[in-house]
Amino acid sequence: MAAPAYAPKAGGIAARARQGAMAAHTPPSWLDGLNPEQCLAVETTEGPLLVLAGAGTGKTRVLTTRIAHILASGLAMPSQILAVTFTNKAAREMKERIGHLVGPAAEGMPWLGTFHAISTKLLRRHAELVGLKPTFTILDTDDQIRLMKQVLQAEGVDEKRWPARQLANLIDGWKNRALSPAQVPAGEGAAFANGRGGKLYAMYQERLKTLNAADFGDLLLETIRLFREQPDVLAMYQQRFRYMLVDEYQDTNVAQYLWLRLLAQGRDPAHRNLCCVGDDDQSIYGWRGAEVDNILRFEHDFPGAQVVRLERNYRSTGHILTAASELIARNEGRLGKRLRTEDEDGEKVAITGAWDSEEEARLVGEEIEALQAKGHSLGDMAILVRISAQMREMEDRLVQLGVPYRVIGGPRFYERMEIRDAMAYLRCVVSPADDLAFERIVNTPKRGLGDATLQVLHAHARAARIPLMEAARYLVETEELKPKPRKTIRDLLADFGRWSAAAARMRQGELAELVLEESGYTEMWRRDRSAEASGRLDNLKELVRSLEEFPDLQSFLEHVSLVMEAADDDTGERVSLMTLHAAKGLEFDTVFLPGWEEGLFPNQRALDESGRAGLEEERRLAHVGITRARKRARIYFASNRRIHGLWNATIPSRFIDELPESAVEVLDAPASYSYGGYGQNNGYDQSRFDRAAGGYAGAAETAPSSYATPGWQRAQARGFGQGGFGRDGHGAGGSQFAAGRGGARGRSKGGPVIEGELVARSTGASAFSVGDRIFHQKFGPGSVALVDGNKLTVDFDKAGRKTVLDSFVEAT
DNA sequence: TAAGGCGTCGGGCTT
DNA sequence: CGACGCCTTA
């Protein structure tokens with residue numbers, strides 16, 4: 001599945017290493033080309049070891065070489081090494097690269113995989129010990145929600161006030177922290193559905209057990225429970241795993257930490273060889289349960305631990321590294337590293353201010369075209385945004401320019417509707433008791449089985465404590481159902497009977513085709529004339545194809561629920577467009593970083609919810625963004641951005657101010673003043689812009705020592721009691737971009753506060769009334785048509801009717 | 001059962 | 001503003 005062009009890491013040491021592995025007594029040639037720290041990380045095999053691997057320092061290479069080293073030196077057999085990754089992609093890559101290093105010996109690394117995949121393997125072996133059958137099904141988020149809905153309904157909880165989705169998040173959060181229903185802090189449980197959160201969690205768990213199912217969180221939790229309650233089982237694995245390796249340790253959550261600690265703290269000190277590789281400066285998943293603390297506490301948790309720092313960067317040029325290093329140095333909760341390179345300084349990090357987000361997109365597009373004209377490949381460029389809402393504008397622009405691009409990180413293959421439907425059919429064939437699967441497809445394609453019919457099925461199934469399919473089988477023999485649905489169900493059951501019989505004698509690919517065809521599922525999409533339909537049919541074909549690569553249907557279903565990803569079908573050179581989160585681990589020659597504005601980045605919500613910690617995580621995200629660049633990093637900010645449909649004035653991100661002057665250059669935005677035909681010769685407009693965007697550069701000129709004047713401090717100087725830019729327009733709390741609040745908490749480094757009005761300020765209650773003539777910075781002159789608090793609906797002379805905040809218009 | 005209206009809400013997204 | 005989910009109506 002193809003490492004795309006941006007993952008060029010595998011070195012040329014493969015062949016040599018293979019020789020080394022074969023000829024046991026030659027010097028370990030796989031160490032060739034490693035720097036001293038990397039060697040140390042590879043060769044320190046005994047005892048706990050933390051490898052702090054900065055961005056671009058050869059982390060994966062160290063990890064794979066370390067495994068090769070352990071194998072080739074005969075310290076352990078492949079089956080005695082536990083190697084855990086966070087994502088399937090990482091697991092796959094590691095497997096591949098170890099394969100290159102040591103040859104087929106890597107085939108026998110049965111314990112290389114994600115936390116979840118390894119947990120599943122363990123649980124299948126010992127399922128009875130935790131109250132499951134070895135054939136338990138793994139529920140994904142979709143199944144989870146539907147099950148949760150059932151629980152909420154059973155409890156009579158108002159699903160509008162307390163959405164299943166929210167409960168799912170809550171429970172996920174608890175599971176991330178390894179909390180069983182009984183362990184949920186009372187206050188947290190009480191916060192949902194008038195105090196019933198904890199109870200609902202318990203009920204949900206019960207339902208899972210009844211269904212012989214586990215969700216993702218359970219895979220870890222039940223394994224932990226297995227280890228805790230069955231000391232002999234635990235001891236067996238502690239004994240088996242002589243060497244343990246963990247990738248991306250900074251991303252582990254509490255449950256994963258406990259899981260590891262149980263395995264790594266066996267009786268036999270010779271087996272406490274846990275090697276964790278990670279980078280505290282790249283911990284960006286706190287919001288989904290990752291605990292930076294795990295890595296910060298490593299030496300404390302594992303006494304006698306050694307720490308190796310990889311600080312030599314092989315990716316980026318000097319200025320880029322300087323900029324990233326200075327930025328991240330502002331964080332306090334970190335172990336401390338400084339990336340260095342022997343490469344040249346290269347280009348400075350370029351910062352460009354744009355009038356608004358449209359112009360920003362245009363500037364990025366122009367730069368891409370300019371680079372392309374100079375012979376740079378589109379495949380070596382990426383646009384990294386903070387939130388996916390930013391993508392739209394970028395896409396629009398690229399489409400307009402005819403620049404091919406691809407979006408990284410859409411919905412995954414197995415999350416797509418058609419794949420999930422097809423799989424539900426197969427699940428029903430394999431395990432007729434799979435109620436969630438049955439429910440999903442009972443009326444897909446539409447066969448006239450509505451709510452009413454399903455209710456009857458449910459009622460009977462619950463009363464008799466049997467699966468839905470069995471209940472259906474019984475009910476078609478009675479008079480309880482109306483004749484029409486009764487026949488439909490009877491036919492469907494007959495279908496499933498036939499398919500189950502066919503399953504025994506057919507290859508699974510054929511079976512899938514048969515089922516999808518006879519059920520009318522493929523026909524449904526063939527008839528569908530919407531734009532996506534043909535893509536969906538392709539996906540189904542792809543599903544059937546990959547199905548053939550598995551020994552049997554069962555192992556395929558397992559694979560899909562844990563692993564499957566979209567086939568990498570793109571060819572040709574394209575600009576990559578993705579979020580900063582999705583960019584971790586990737587690298588590009590040129591990286592475009594738009595949207596560096598207070599409120600957007602650092603994101604106000606992160607600040608509001610997590611204060612200082614939130615700010616530091618945002619800063620790590622900025623650090624990740626810059627360090628993706630090999631040769632060119634270009635940062636952009638806009639002075640106006642539309643948020644939830646309304647134009648807001650914005651100020652440059654504090655992160656821009658935190659970059660060292662020596663490593664950046666501030667570029668002018670040539671087109672800034674000619675936007676939309678207004679302002680070319682309009683002193684008003686121009687001075688506004690000067691002070692908003694250009695003021696930054698101006699400060700640098702007149703007072704170099706105060707270069708680091710943070711935009712957010714200016715925001716503070718502005719005060720934040722007034723207006724605000726929130727949806728409600730009342731300035732009450734929650735306003736997206738009221739920059740002062742998180743900022744006040746993050747104020748650790750003082751600095752000169754430059755007074756100066758940056759943007760229009762609200763004047764309290766709206767000073768405008770219907771009919772007033774006004775001037776807007778972006779849309780030009782117009783008359784007020786409607787006043788709603790500080791929201792104005794204005795008929796602009798040229799731009800038509802728009803809704804804007806009164807703080808952005810001036811009376812004329 | 002299927003389409004359209006209405007209200008809500010707006011962060012990142014793996015397993 | 002625009003996406004999504006739920007509810008109403010044909």
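A quick note: this is a predicted structure, and the numbers were derived from the prediction, not measured. (Residues numbered from 1 in each chain as written. Chains lettered and ligands numbered in written order. Predicted model: local features only at pLDDT ≥ 70, side-chain atom pairs only at ≥ 80, totals over all residues. Heavy atoms only, no water.)

## Things to note about the overall build of chain A
- Tallying secondary structure elements over chain A gives 32 helices and 21 strands in all.
- Looking at the 812 residues of chain A, the share that counts as buried comes to 55%.
- A separation of at least 24 residues holds for 75% of the contacts in chain A among residues at least 6 apart in sequence.
- Entry remark: accessible area of chain A is about 33,900 Å², with carbon and sulfur atoms responsible for 51%. (Helix = DSSP H or I, 4+ residues; strand = E, 2+ residues; numbered from the N terminus. Buried < 20%, exposed > 50% of the residue type's maximum accessible area, 1.4 Å probe, protein only. Contact = heavy atoms within 4.5 Å. Areas by Shrake-Rupley, 256 points an atom, 1.4 Å probe, with all protein chains shown as cover.)

## With respect to the pairing of strand β7 (residues 273-278)
- The buried fraction of β7 amounts to 6 of the 6 residues, a majority that puts the element mostly inside the structure.
- Residues Asn 273, Cys 275 and Val 277 point to one face of β7 and Leu 274, Cys 276 and Gly 278 to the other, with burial holding for every one of them.
- Pairing between strand β1 (residues 49-53) and β7: 4 bridges, direction parallel. Each residue of the ladder has a partner; that of Leu 49, found in β7, is Cys 275.
- By the bridge criterion, 4 bridges tie strand β6 (residues 243-246) to β7 in an arrangement that is parallel. From the neighbouring strand, Met 244 faces β7, where its bridge partner is Leu 274.
- With helix α12 (residues 254-264) bridging β6 and the parallel β7, this β-α-β connection has right-handed handedness. (Pairing = 2+ DSSP bridges. Right-handed = clockwise from strand over helix to strand, strands pointing away.)

## Quick notes on the nonpolar core
- Core analysis: the biggest nonpolar cluster contains 69 residues, and Leu 82, Tyr 249, Trp 259, Leu 263 and Leu 274 have the highest contact counts within it.
- In terms of residue count, α12 provides more of this core than any other element does, 8 residues in total.
- In contact with Leu 82, other than residues within four places in its own chain, are Trp 111, Ile 118, Phe 241, Tyr 243, Met 244, Leu 245, Trp 259 and Leu 263.
- Formed by 49 residues, the second largest nonpolar core is a distinct cluster that contains Leu 468, Ala 471, Leu 492 and Leu 493. (Core = buried A, V, L, I, M, F, W, Y, C linked by side-chain atoms within 4.5 Å.)

## Some details on the protein's contact with DNA strand C
- Close to DNA strand C lie Lys 149, Arg 392, His 644 and Gly 645.
- For DNA strand C, the backbone portion of the atoms within 4 Å of the protein, that is sugar and phosphate, comes to 44%.
- At a separation of 2.8 Å, a phosphate oxygen of DNA strand C approaches a polar side-chain atom of Arg 392.
- When grouped by side-chain class, the residues that make up the surface near DNA strand C number no nonpolar, 2 polar and 2 charged. (Near = heavy atom within 4 Å. Polar contact = N/O pair within 3.5 Å; in protein donor to acceptor, adjacent residues only side chain to side chain. Nonpolar A, V, L, I, M, F, W, Y, C, P; charged D, E, K, R; others polar.)

## Considerations on the environment of Pro 445
- The residue Pro 445 is located in the loop between α19 (435-441) and α20 (451-464) in this model.
- Judged by relative accessible area, which is 10%, Pro 445 ranks as buried.
- C-alpha separation for the pair Pro 445 and Arg 392, spaced 53 residues apart in sequence, amounts to 33 Å.
- Once residues lying within four places of it in the same chain are set aside, the contact partners of Pro 445 are Tyr 425, Ser 519, Gly 520, Tyr 521 and Met 524.

## A few points about the sheet that holds strand β8 (residues 306-310)
- Within the open sheet, the 6 strands sit side by side as β3-β2-β6-β7-β1-β8. Their pairing is parallel. Unpaired on one side and paired on the other, β3 (112-114) and β8 mark the two borders of the sheet. Neighbour-to-neighbour, the strand axes of this sheet turn through a mean angle of 15°, independent of strand direction.
- The sheet strands contacting helix α2 (residues 36-43) are β1 and β8, and the helix crosses β8 at an angle near 145°.
- Sitting on the sheet, helix α4 (residues 88-102) touches β2 (81-85) and β3, and the angle it makes with β3 is about 165°. (Axes fitted to C-alpha atoms, helices over the stretch in contact; angles between N-to-C directions.)

## Focus on the confidence of the model for chain A
- Considering every residue of chain A, the mean pLDDT works out to 80; 79% of them sit at 70 or more.
- The weakest mean pLDDT in chain A belongs to helix α32 (residues 740-746) at 30; the strongest belongs to strand β13 (residues 588-593) at 98.
- Residue range residues 1-25 is modelled with pLDDT below 50. Its contacts to residues more than four positions away, or to other chains, number 38 contacts. (pLDDT = per-residue confidence, 0-100.)

## Focus on the side chain of Asp 301
- You can see Asp 301 is positioned in helix α14 (residues 298-301).
- Only 3.0 Å separates the side chain of Asp 301 from the side chain of Tyr 257, close enough to count as a polar contact.
- When residues no more than four places from it in sequence are discounted, the contact partners of Asp 301 are Tyr 257, Gln 265 and Asn 294.

## With respect to the environment of Leu 621
- Locating Leu 621 in the fold gives a position in helix α28 (residues 604-627).
- Considering only alpha carbons, one finds Leu 621 and Asn 294, 327 residues apart in sequence, at a separation of 18 Å.
- Discounting residues that sit within four places of it in the chain, Leu 621 has contacts with Ile 284, Arg 386, Leu 580, His 581 and Phe 601.

## Structural notes on the packing of helix α22 (residues 483-505) against helix α23 (residues 508-518)
- With their axes 10 Å apart at the nearest point, α22 and α23 run at an angle of 165° to one another. Our classification of the angle between α22 and α23 gives roughly antiparallel. The chirality of how α22 crosses α23 is right-handed. Here Arg 498, Trp 499, Ala 502 and Ala 503 of α22 lie close against α23, whose contacting residues are Leu 511, Leu 514, Val 515 and Glu 518.
- The residue inventory of the contact of α22 with α23, partitioned by class, reads 6 nonpolar, no polar and 2 charged. (Parallel < 35°, antiparallel > 145°, perpendicular 65-115°, else oblique. Left-handed = near helix turned anticlockwise from the far one by under 90°.)

## Concerning the packing of helix α3 (residues 59-72) against α4
- Contact pair α3 / α4: the axes reach a minimum separation of 9 Å and the direction vectors enclose 50°. Here α4 runs oblique to α3, going by the angle between their axes. With respect to the hand of their crossing, α3 and α4 are arranged in right-handed fashion. Residues Thr 60, Arg 61, Leu 63, Thr 64, Thr 65, Ile 67, Ala 68 and Leu 71 of α3 pack against Met 94, Arg 97, Ile 98, Leu 101 and Val 102 of α4.
- Among the residues forming the contact of α3 with α4, the class breakdown is 8 nonpolar, 3 polar and 2 charged.

## Quick word on unusual backbone geometry
- Cis geometry marks the peptide bond from Thr 444 to Pro 445; its omega dihedral reads -5°.
- At the junction of Phe 601 and Pro 602, the peptide bond is cis and its omega measures out at 5° in the coordinates.
- Within the element layout of this structure, Pro 602 appears in the loop between β13 and α28.
- Despite not being glycine, His 644 has its phi angle at roughly 50°, a positive value.
- Following the sequence through the fold, His 644 ends up in the loop between β14 (629-643) and β15 (646-649).

## Things to note about the pairing of β15
- What you see with β15 is no split at all: Leu 646 and Asn 648 on one side and Trp 647 and Ala 649 on the other are buried throughout.
- As defined by bridge partners, β14 adjoins β15 across 4 bridges and the pair is classed as antiparallel. Bridge assignment links Asn 640 to a residue of β15, and that residue is Ala 649.
- Following β14, the chain reverses through 2 residues before pairing antiparallel with β15; His 644 in that reversal takes a positive phi of roughly 50°.

## Quick notes on α3
- With 14 residues, α3 should cover 20 Å at 1.5 Å per step; its first-to-last C-alpha distance of 20 Å lies within 8% of that length.
- For α3, a buried count of 12 out of 14 residues is recorded, marking the element as mostly surrounded by other parts of the structure.
- If you check which residues of α3 are buried, you get Lys 59, Thr 60, Val 62, Leu 63, Thr 64, Thr 65, Arg 66, Ile 67, Ala 68, His 69, Ile 70 and Leu 71.
- Of the residues one or two after α3, Gly 74 is the one with positive phi, at around 75°. (Expected span 1.5 Å × (residues − 1).)

## A word on the packing of aromatic side chains
- Counted under the stated rule, the structure contains 20 aromatic pairs.
- Relative to Trp 525, the ring of Tyr 521 has its centre 6.4 Å away and its plane inclined at 80°; by these criteria the two rings are edge-to-face. Of this pair, Tyr 521 and Trp 525 both sit in helix α24 (residues 521-527), separated by 4 residues, roughly a single helical turn. Neither residue differs from the other here; Tyr 521 and Trp 525 are each classed as buried.
- Seen in terms of ring centroids, Trp 596 and Phe 655 are 6.4 Å apart; in terms of plane orientation they differ by 75°. Their pairing is edge-to-face. Of this pair, Trp 596 sits in the loop between β13 and α28 while Phe 655 is found in helix α29 (residues 654-657), placing the two residues 59 residues apart along the sequence.
- Overall, the relative accessible area of 1% leaves Trp 596 in the buried class.
- In this structure Phe 655 comes out as buried when scored by relative accessible area, which is 0%. (Phe/Tyr/Trp six-rings, centres within 6.5 Å; stacked < 30°, edge-to-face > 60°.)

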